[in-house]
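Below are the chains, spelled out letter by letter.
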Amino acid sequence: MKTALVTGITGQDGSYLAALLLDKGYKVYGIQRRSSTISTERIEPLIEEGVELISGDLIDENSLIRAMEKIDPCEVYNLGAQSFVPTSWDQPILTGEVTALGVTRMLEAIRIVNPKIRFYQASSSEMFGKVRETPQNENTPFYPRSPYGVAKAYGHWITVNYRESYDIFAVSGILFNHESPQRGLEFVTRKVSYGVAKIKAGLQKELRLGNLEAKRDWGFAGDYVRAMWLMLQQDEPDDYVISTDETHTVKKMCEVAFSRVGLNYEDYVVQAPEFFRPAEVQLLIGDSSKARKKLGWKPEVDFRGLIEMMVDADVERINNMIKE
Ligand code: NAP
Ligand code: G4F
């Protein structure tokens, strides 16, 4: 039985990846940081199915070394991060500690405990920032526009560096935005799907958003964790862009979400200055042809299917809340 260790297991991708790995017969361990409230909401059913949690933090090197010594994993997926872009302007140093240096701590733990461990780093299309070319592929230069994007660029390059310096099987997945009903409530797609459900139920009157013209290449998280796993099954370590290769504005996403429940977004969406960013990433669209060719990966859920899935899930959640 293969053993995997996942940081960020309590997050959106962690929950989908843990489910996929269990399905493939892995013994799955996750690193959970200490919190005064319960953070396992997304993975409760998976804990029932055998996922085990180990206390640790990307800021605490020793906790990572201890976890790897205890578990002896063959694959490590580093999904843990301060992942919300606006927070990275409020807490740039924390973001650097967790999202950038956390990667080095993971790689050092691997180097010390067992350099044969295969390592996946959750890199991001946010690194492309003020895009240098369109669409963006593995060779597109980075121009990050947020402390988060800068931290991810560090994480990407330290992963490449440990691969080249120590011959570690370390890969960087440059994933474009991916969403699901498990997405955090502050990210725009979920903020919209949840807002739509509350408005439909009469619990909210308007939805305050920022830049409606920004364009993103949105895919489904369930499809994207498959690509993470595939990257670690190759003969040679390499870096891959994962994307749908389609882009849509936030406005279009609102139109699809509201129309799912028979509403017109223009009657409810209000542009609010507090949700605009100090520096914006205006356009992201990936070119995932390398992953499609070499990994045999392709997304199965399209943009409309994704947004409708999220709205339907939130409508059901709100209706259940009302019934209780
Ligand atoms: P998410 O839902 O925000 O989950 C982040 C995870 O990181 C949570 O489990 C969180 O734990 C954990 N974490 C935060 N600080 C930590 C620390 N100091 N030590 C250990 N764990 C810590 O993010 P996601 O959407 O699943 O994304 C997964 C990864 O992919 C992240 O690295 C993200 O930056 C990257 N990424 C995401 C996307 C996307 O569109 N979703 C695209 C490209 C790259 P708590 O539950 O305790 O907060
Ligand atoms: O949903 P978002 O907050 O995602 P963002 O900033 O693109 O970052 C996500 O994707 C990255 C991959 O490219 C990940 F690395 C990162 O961890 C995260 O998962 O915002 C998307 C767009 C932005 O242009 C933002 O300005 O939506 C725009 N937007 C407009 N109104 C809003 C809002 N974003 C948020 N969060 N809230 C709004 O009210």
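Residues numbered from 1 in each chain as written. Chains lettered and ligands numbered in written order. Predicted model: local features only at pLDDT ≥ 70, side-chain atom pairs only at ≥ 80, totals over all residues. Heavy atoms only, no water.

K.L.:
Explain the overall build of the chain here, please?
P.N.:
Per the secondary structure count, the chain includes eleven helices and 13 strands. Since a compact globule built from 324 residues should have a radius of gyration of about 20 Å, the 19 Å found for the chain is in line with a globular shape. Buried positions account for 54% of the 324 residues belonging to the chain. By sequence separation, contacts in the chain at least 24 residues apart represent 79% of the contacts at least 6 residues apart. Just so you have it, the chain exposes about 14,500 Å², and 48% of that area is on carbon and sulfur atoms. (Helix = DSSP H or I, 4+ residues; strand = E, 2+ residues; numbered from the N terminus. Rg over C-alpha atoms; globule rule 2.2 N^0.38 Å. Buried < 20%, exposed > 50% of the residue type's maximum accessible area, 1.4 Å probe, protein only. Contact = heavy atoms within 4.5 Å. Areas by Shrake-Rupley, 256 points an atom, 1.4 Å probe, with all protein chains shown as cover.)

K.L.:
How should I be thinking about the environment of Leu232 in this particular structure?
P.N.:
Relative to the helices and strands, Leu232 is located in helix 8 (residues 221-232). A sequence separation of 140 residues divides Leu232 from Pro92, and the C-alpha atoms of the two residues are 31 Å apart. Aside from chain neighbours lying at most four places away, what touches Leu232 is Glu75, Val76, Tyr77, Arg118, Phe119, Tyr120, Phe169 and Val171.

K.L.:
Mind showing me how you'd approach the site of ligand 2 here?
P.N.:
Neighbouring ligand 2 are 23 residues; Ser124, Ser125, Tyr148, Arg277 and Glu280 lie closest to it. Arg183 is positioned such that a nitrogen or oxygen atom in its side chain is 2.9 Å from an oxygen atom of ligand 2. Out of a free accessible area of 710 Å², ligand 2 has 95% covered by protein chains. Within the shell around ligand 2, the residues separate by chemical class into ten nonpolar, six polar and seven charged. (Near = heavy atom within 4 Å. Polar contact = N/O pair within 3.5 Å; in protein donor to acceptor, adjacent residues only side chain to side chain. Nonpolar A, V, L, I, M, F, W, Y, C, P; charged D, E, K, R; others polar.)

K.L.:
Sorry, what's going on with the nonpolar core here?
P.N.:
If you look at the biggest cluster of nonpolar residues, it comprises 59 residues, and the most contacted ones within it are Tyr77, Tyr120, Ile242 and Phe258. The leading source of residues in this core is helix 8, at nine residues. Both domain 1 (3-178 + 219-242) and domain 2 (185-216 + 247-281 + 302-323) contribute no fewer than three residues apiece to this core. Not counting residues within four places of it along the chain, the set of residues in contact with Phe258 comprises Val192, Val196, Ile199, Leu207, Leu263, Asn264, Tyr265, Tyr268 and Val269. Counting 23 residues, the second-largest nonpolar core is a separate cluster that includes Ala67, Ile71, Phe119 and Ala170. (Core = buried A, V, L, I, M, F, W, Y, C linked by side-chain atoms within 4.5 Å. Domains from an automatic or database assignment.)

K.L.:
I would appreciate a short explanation of the packing of helix 3 (residues 61-71) against helix 5 (residues 92-113) in the present structure.
P.N.:
Two quantities define a packed helix pair, namely the angle between the axes and the distance from one axis to the other. Contact pair helix 3 / helix 5: the axes reach a minimum separation of 9 Å and the direction vectors enclose 45°. One way to sum up the angle between helix 3 and helix 5 is to call them oblique. The element helix 3 and its partner helix 5 pack so that their crossing is right-handed. For the pair helix 3 and helix 5, contact is made by Glu61, Leu64, Ile65, Met68 and Glu69 and by Arg105, Met106, Glu108, Ala109, Ile110, Ile112 and Val113, respectively. The class makeup of the residues in the contact of helix 3 with helix 5 is eight nonpolar, no polar and four charged. (Axes fitted to C-alpha atoms, helices over the stretch in contact; angles between N-to-C directions. Parallel < 35°, antiparallel > 145°, perpendicular 65-115°, else oblique. Left-handed = near helix turned anticlockwise from the far one by under 90°.)

K.L.:
Looking at this structure, how should I read the sheet that holds strand 2 (residues 27-32)?
P.N.:
Paired through backbone hydrogen bonds, the strands of a sheet run either parallel or antiparallel to each other. What the seven strands build is an open sheet, ordered 3-2-1-4-5-6-11; its pairing is parallel. Strand pairing shows two members of the sheet lacking a second neighbour, strand 3 (52-55) and strand 11 (240-242), which therefore form its edges. Across the sheet, the mean angle separating the axes of adjacent strands is 25° when strand polarity is ignored. (Pairing = 2+ DSSP bridges.)

K.L.:
What am I meant to see in helix 1 (residues 12-23) here?
P.N.:
Residues spaced three or four apart along an α-helix point in a common direction, a consequence of the helix completing one turn every 3.6 residues. When the terminal C-alpha atoms of helix 1 are compared, their 17 Å separation across twelve residues agrees well with the 16 Å that a helix rising 1.5 Å per residue should span. Extensive coverage of helix 1 is indicated by the burial of ten of its twelve residues. All of the buried residues along helix 1 are Gln12, Asp13, Gly14, Ser15, Tyr16, Leu17, Ala18, Leu20, Leu21 and Leu22. In the stretch just after helix 1, Gly25 is the one whose phi turns positive, near 90°. (Expected span 1.5 Å × (residues − 1).)

K.L.:
Sorry if this is basic, but what is going on with a negative patch on the surface here?
P.N.:
On the surface, Asp23, Glu41, Glu44, Glu48 and Glu49 cluster together into a patch of negative charge. Residue placement: Glu41 occurs in the loop between strand 2 and helix 2 (44-48). With relative accessibility at 72%, the residue Glu41 sits in the exposed group. (Patch = residues over 30% accessible without salt bridge, like charges linked within 9 Å, V, L, I, M, F, W, Y side chains within 5 Å. Salt bridge = Lys/Arg side-chain N within 4 Å of Asp/Glu carboxyl O. Lys, Arg positive; Asp, Glu negative; His and termini not counted. Charge placed at Lys NZ, Arg CZ, Asp CG, Glu CD.)

K.L.:
Is there a simple way to explain unusual backbone geometry in this structure?
P.N.:
Excluding glycine, most residues fall at negative phi; most peptide bonds, likewise, are trans. Cis rather than trans, the peptide bond between Thr134 and Pro135 has omega equal to -5°. As for its placement among the helices and strands, Pro135 is situated in the loop between strand 5 (118-124) and helix 6 (147-166). With a phi close to 65°, Asp167 is a non-glycine residue in the positive phi region. Structurally, Asp167 is set in the loop between helix 6 and strand 6 (170-175). Take Asp167: its relative accessible area is 68%, and that puts it in the exposed class.

K.L.:
How should the site of ligand 1 be read in this particular structure?
P.N.:
Taken together, 23 residues sit near ligand 1, with Thr10, Arg33, Asp57, Ser83 and Tyr148 positioned nearest. Gln12 places a main-chain nitrogen or oxygen 3.0 Å from an oxygen atom of ligand 1. Between ligand 1 and Leu58, the relevant distance is 3.0 Å, taken from a nitrogen atom to a main-chain nitrogen or oxygen of the residue. Elements that contribute at least two residues to the shell around ligand 1 include exactly helix 1, strand 5 and helix 6.

K.L.:
When you look at the domain arrangement of the chain in this model, what are you seeing that I'm missing?
P.N.:
Many authors give the size of an interface as the accessible area that is lost as the parts come together. In terms of domains, the chain is made up of domain 1 (3-178 + 219-242) and domain 2 (185-216 + 247-281 + 302-323). In this structure, domain 1 and domain 2 have C-alpha centres spaced 27 Å apart. Contact with domain 1, which involves eleven residues of that partner, is made by ten residues of domain 2. Overall, the association of domain 1 and domain 2 removes approximately 1,000 Å² of surface from exposure, summing both partners, and the carbon and sulfur fraction of that is 67%. Across the contact surface, domain 1 and domain 2 share one residue pair in polar contact (both at pLDDT 80 or more). (Buried area = accessible area lost by both parts, 1.4 Å probe.)

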